[in-house]
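Examining the three-dimensional arrangement
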Amino acid sequence: MNPEQLELTIGWLYPTLMSTYGDRGNAICLQKRAEWRGIKVQVLSLDQQTTAEQLHQVDIFVGGGAQDRQQEIVMRDLRGIKAEMLRAKIDAGTPGVFTCGSPQLLGHYYEPALGQRIEGLGLLDFVSKHPGPDARRCIGNVVFEVTASPLAQELEAMLGTKPVVIGFENHGGRTYLGKVQPLGRVIKGYGNNGEDGMEGAFYRNAIATYSHGPLLPKNPFIADWLLQKALTQRYQTPVSLQPLDDTLAQQARAAMLKRLALTNLVQEPVNC
Ligand code: GLN
């Protein structure tokens with residue numbers, strides 16, 4: 001298909017309540033990488049005014065981090081028909097990237113540092129708990145290898161090498177997975193809880209992660225995977241994206257891996 005004929009709608013969940021940690025960069029990255037290929041993009045803010053019908057139009061979801069109080073406000077809004085629509089979309093394979101506070105809301109529940117348990121959508125089989133205001137937050141650079149199937153295999157086919165994600169985490173909540181696959185295996189950092197070596201979760205085409213960064217500019221191969229999935233879903237035909245020059249992102253990744261004494265993971269620049 002001619003990219004000029006392609007269109008995508010990015011649905012950005014609660015931008016005013018859930019953009020505390022710079023995750024807006026993920027929405028910008030998706031938008032620019034699509035536009036640089038001639039694809040027409042609409043970024044739709046999904047908030048208290050949004051209808052279920054608007055949610056239905058979304059091709060890729062982006063959800064960011066938030067503080068406990070904002071998460072509670074979001075969950076009060078995300079009930080009934082809107083919750084059902086989001087659940088149905090993700091179940092049907094609409095891709096999305098959900099960072100930190102937003103995955104906590106996709107799980108069964110989140111227990112904040114103070115106050116009542118916040119019931120989540122129960123879409124992903126995990127729970128998240130904050131051990132309390134005196135507990136140490138999990139903060140710092142994080143590096144992990146994507147292991148979730150078939151994502152890991154698809155990314156490896158794109159990259160020609162094992163997919164390694166570099167991000168930054170900042171969370172008090174700890175996540176414990178049930179029957180859902182972890183997104184990856186922690187190489188450096190805390191990941192889901194600092195104990196079991198797992199990071200994030202992967203369900204259908206939804207990526208849940210503690211990694212800010214923002215994630216996508218630092219790991220552009222994930223942005224391209226999301227775009228490809230979204231276009232394939234929307235047009236019901238496989239769509240391939242022309243390569244972009246990612247030299248700067250590769251240099252930034254190499255610099256961070258060197259700083260973290262992980263030079264063995266530095267790869268030659270590859271265009272994805
Ligand atoms: N409030 C959540 C926590 O501390 C989420 C933080 C975030 O989104 N970075 O775990």
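The model shown is predicted, which means the values in this text are computed figures rather than measured ones.

1. Quick word on the side chain of Asp 77
Mapped onto the elements of the fold, Asp 77 is located in helix 3 (residues 68-77). Those residues in contact with Asp 77 that lie beyond four places of it in its chain are Tyr 14, Asp 47, Gln 48 and Lys 82.

2. Considerations on the pattern of salt bridges
On inspection of all chains with the given rule, the structure shows 13 salt bridges. The closest approach of N and O atoms between Lys 32 and Glu 35, which form a salt bridge, is 3.4 Å. A residue pair is termed a helical-turn pair when its members lie 3 or 4 positions apart in one helix, as Lys 32 and Glu 35 do in helix 1 (residues 24-35) at three residues. The residue Glu 84 makes a salt bridge to Arg 87 at a minimum N-O spacing of 2.7 Å. You can see Glu 84 and its partner Arg 87 sitting in helix 4 (residues 80-91), three residues apart, about one turn around the helix.

3. Some thoughts on the sheet that holds strand 10 (residues 174-177)
Pairing in this open sheet of four strands is mixed, and the strands run 6-5-7-10 from one edge to the other. With one partner strand each, in any of the chains shown, strand 6 (118-119) and strand 10 form the two edges of the open sheet. As defined by bridge partners, strand 5 (residues 109-111) adjoins strand 7 (residues 126-129) across three bridges and the pair is classed as parallel. Bridge assignment links Tyr 110 to a residue of strand 7, and that residue is Ser 128.

4. Overview of the nonpolar core
Leu 30, Val 146, Leu 151, Ile 207, Leu 216, Ile 222 and Leu 226 are the most contacted members of the largest nonpolar core, which has 37 residues in total. The set of elements that each furnish at least two residues to this core consists of strand 1 (7-13), helix 1, strand 3 (60-63), strand 8 (138-146), helix 6 (151-159), helix 7 (215-218) and helix 8 (220-235). Broken down by element, this core gets its largest block of residues, eight residues, from helix 8. Beyond its immediate stretch of four places on either side in the chain, Ile 222 contacts Leu 155, Val 165, Ile 207 and Leu 216.

5. Some words on the site of the ligand
Around the ligand, the surrounding shell holds 16 residues, and the nearest of these are Asp 68, Gln 71, Cys 100, Asn 170 and Gly 173. Between a nitrogen atom of the ligand and a side-chain N or O atom of Asp 68, the distance comes to 2.6 Å. Here an oxygen atom of the ligand and a backbone polar atom of Gly 173 are 2.7 Å apart. Burial of the ligand by the protein amounts to 99% of the accessible area it has alone, namely 300 Å². The set of elements that each furnish at least two residues to the shell around the ligand consists of helix 3, helix 5 (101-106) and strand 9 (164-171). Residues that form the shell around the ligand fall into these classes: four nonpolar, ten polar and two charged.

Scoring rules and cut-offs
- Residues numbered from 1 in each chain as written.
- Predicted model: local features only at pLDDT ≥ 70, side-chain atom pairs only at ≥ 80, totals over all residues.
- Heavy atoms only, no water.
- Helix = DSSP H or I, 4+ residues; strand = E, 2+ residues; numbered from the N terminus.
- Contact = heavy atoms within 4.5 Å.
- Salt bridge = Lys/Arg side-chain N within 4 Å of Asp/Glu carboxyl O.
- Pairing = 2+ DSSP bridges.
- Core = buried A, V, L, I, M, F, W, Y, C linked by side-chain atoms within 4.5 Å.
- Buried < 20%, exposed > 50% of the residue type's maximum accessible area, 1.4 Å probe, protein only.
- Near = heavy atom within 4 Å.
- Polar contact = N/O pair within 3.5 Å; in protein donor to acceptor, adjacent residues only side chain to side chain.
- Areas by Shrake-Rupley, 256 points an atom, 1.4 Å probe, with all protein chains shown as cover.
- Nonpolar A, V, L, I, M, F, W, Y, C, P; charged D, E, K, R; others polar.

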